[in-house]
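Structure at a glance
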Amino acid sequence: MAPRSDSAEAIVLNFVNEQNRPLNSQNVADSLQKFNLKKTAIQKALDTLADSGKISFKEYGKQKIYLARQDQFDIPNSEELNHMKEENAKLQKQLEDQNRAISEVEGEIKSLQSNLTLEQIREKEAKLRNEVKEMEEKLAKLRGGVTLVRPEERKAIEKVYSEQISHWRKRKRIFKDLWDAITENSPKDLKEFKEELGIEYDEDVGVSLQSFSDLSQHSKKRTRGQ
């Protein structure tokens with residue numbers, strides 16, 4: 001028994017939204033074989049969904065490319081992204097300052113050990129160990145965000161940051177898939193074609209997804225180490 005048309009549309013719509021990448025009817029048919037849907041039924045469902053505005057589509061010659069509507073997904077807010085970057089930079093600077101101070105104290109201990117008497121060394125060592133302990137306590141507070149940001153606020157910012165990085169990465173992948181599909185058989189020079197369309201890559205405007213992703217991973221590692 002063949003699936004009802006409304007059932008086929010629901011299955012196809014759910015698949016297109018889950019994939020969230022450029023697809024043609026053959027891609028969808030290959031992936032939905034388990035539902036016993038024929039390619040003609042899938043093509044009809046895709047066209048019906050596109051005509052009703054539930055999915056987007058573009059025509060490239062005789063081929064139609066279908067894509068989930070992007071306005072149903074949350075758009076990253078660059079303000080939260082920049083705010084977390086600034087907070088992380090402050091914490092990193094504080095951490096570097098404290099580590100430098102501890103290294104200086106440890107270096108002083110080694111220097112004094114070669115110049116003082118044993119009794120003087122012990123007295124000086126006890127004093128310096130107390131200073132190191134105080135600095136480590138301050139460093140622990142800084143790592144916990146006590147003086148700069150509350151833990152719950154930091155987690156909320158890190159969550160927003162991680163979600164925005166994920167959206168960024170997903171949209172780069174969507175663009176690449178769509179661009180590859182458009183230019184696969186194009187006789188045009190791709191650089192000239194890109195300039196003609198006014199397309200700018202991340203590198204063209206001086207930003208890097210990897211650098212922001214590395215910043216997020218560094219923040220997670222530091223949080224786990226607290």
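Refer to the structure printed above.
Criteria and cut-off values
Residues numbered from 1 in each chain as written. Predicted model: local features only at pLDDT ≥ 70, side-chain atom pairs only at ≥ 80, totals over all residues. Heavy atoms only, no water. Helix = DSSP H or I, 4+ residues; strand = E, 2+ residues; numbered from the N terminus. Phe/Tyr/Trp six-rings, centres within 6.5 Å; stacked < 30°, edge-to-face > 60°. Core = buried A, V, L, I, M, F, W, Y, C linked by side-chain atoms within 4.5 Å. Buried < 20%, exposed > 50% of the residue type's maximum accessible area, 1.4 Å probe, protein only. Contact = heavy atoms within 4.5 Å. Pairing = 2+ DSSP bridges. Axes fitted to C-alpha atoms, helices over the stretch in contact; angles between N-to-C directions. Left-handed = near helix turned anticlockwise from the far one by under 90°. Nonpolar A, V, L, I, M, F, W, Y, C, P; charged D, E, K, R; others polar. Patch = residues over 30% accessible without salt bridge, like charges linked within 9 Å, V, L, I, M, F, W, Y side chains within 5 Å. Areas by Shrake-Rupley, 256 points an atom, 1.4 Å probe, with all protein chains shown as cover. Salt bridge = Lys/Arg side-chain N within 4 Å of Asp/Glu carboxyl O. Lys, Arg positive; Asp, Glu negative; His and termini not counted. Charge placed at Lys NZ, Arg CZ, Asp CG, Glu CD. Polar contact = N/O pair within 3.5 Å; in protein donor to acceptor, adjacent residues only side chain to side chain. Expected span 1.5 Å × (residues − 1). Arc of directions from axis to C-beta.

A separate point is the environment of Asn14. If you trace the backbone, Asn14 turns up in helix H1 (residues 5-19). Separated by 54 residues in sequence, Asn14 and Ala68 have C-alpha atoms that sit 9.4 Å apart.

With that settled, the discussion passes to the packing of aromatic side chains. According to the stated counting rule, one finds two aromatic pairs in the structure shown. Where Phe175 meets Trp179, the ring centres are 5.9 Å apart and the plane angle is 20°; that geometry is what we call stacked. Remark: Trp179 and Phe175 occur in helix H6 (residues 151-183); sequence separation between them is four residues, near one turn of the helix.

Time to look at the nonpolar core. Core analysis: the largest hydrophobic core is formed by 18 residues, its most contacted members being Val12, Val16, Val28, Leu32, Ile42, Leu46 and Ile55. Contributions of two or more residues to this core are made by H1, helix H2 (25-31), helix H3 (39-51) and strand S2 (63-68). The contact partners of Val28, leaving out residues within four places of it in the chain, are Val12, Phe15, Leu23, Ile42 and Leu46. One finds Ile157, Ile165, Trp168 and Leu209 within the second-largest nonpolar core, a separate group that totals seven residues.

Here the focus is the pairing of S2. Sheet topology note: the strand S1 (residues 55-60)/S2 ladder contains six bridges and is antiparallel. Residue Tyr60 lies in a different strand from S2, and its bridge partner there is Gln63. Here S1 folds back onto S2 in antiparallel fashion, the turn holding two residues, of which Gly61 has a positive phi close to 70°.

Once that is clear, we can look at the packing of H6 against helix H7 (residues 190-197). Look at H6 against H7: their axes get within 12 Å of each other, and the N-to-C directions meet at 115°. In the crossing of H6 with H7, the sense of the turn from one axis to the other is right-handed. Residue-level contacts link Trp179, Ile182 and Thr183 of H6 to Leu190, Phe193, Lys194 and Leu197 of H7. Here the residues of the contact of H6 with H7 sort into five nonpolar, one polar and one charged.

Turning next to a negative patch on the surface. Together, Glu106, Glu134, Glu136 and Glu137 give the surface a local cluster of negative charge. Looking at Glu106, the relative accessible area reads 43%, which means it is partly exposed.

Attention shifts here to the side chain of Asn24. With respect to the helices and strands, Asn24 occurs in the loop between H1 and H2. Polar contacts involving the side chain of Asn24 include one to the main-chain amide nitrogen of Asn27, which spans 2.7 Å. Discounting chain neighbours no more than four positions away, the residues touching Asn24 are Gln63, Lys64, Ile65 and Tyr66.

Between its first and last C-alpha atoms H3 spans 18 Å; for 13 residues at 1.5 Å apiece the expected length is 18 Å, and the two agree. Turning to H3, its buried residues number three or more, namely Ile42, Ala45, Leu46, Leu49 and Ala50. Seen along its axis, H3 keeps its buried residues to an arc of 130°; they face one direction. The exposed residues of H3 that point more than 90 degrees off its buried face are Thr40, Lys44 and Asp51. Gly53, located one to two residues past H3, shows a positive phi value of around 80°.

Geometry only, nothing functional implied.
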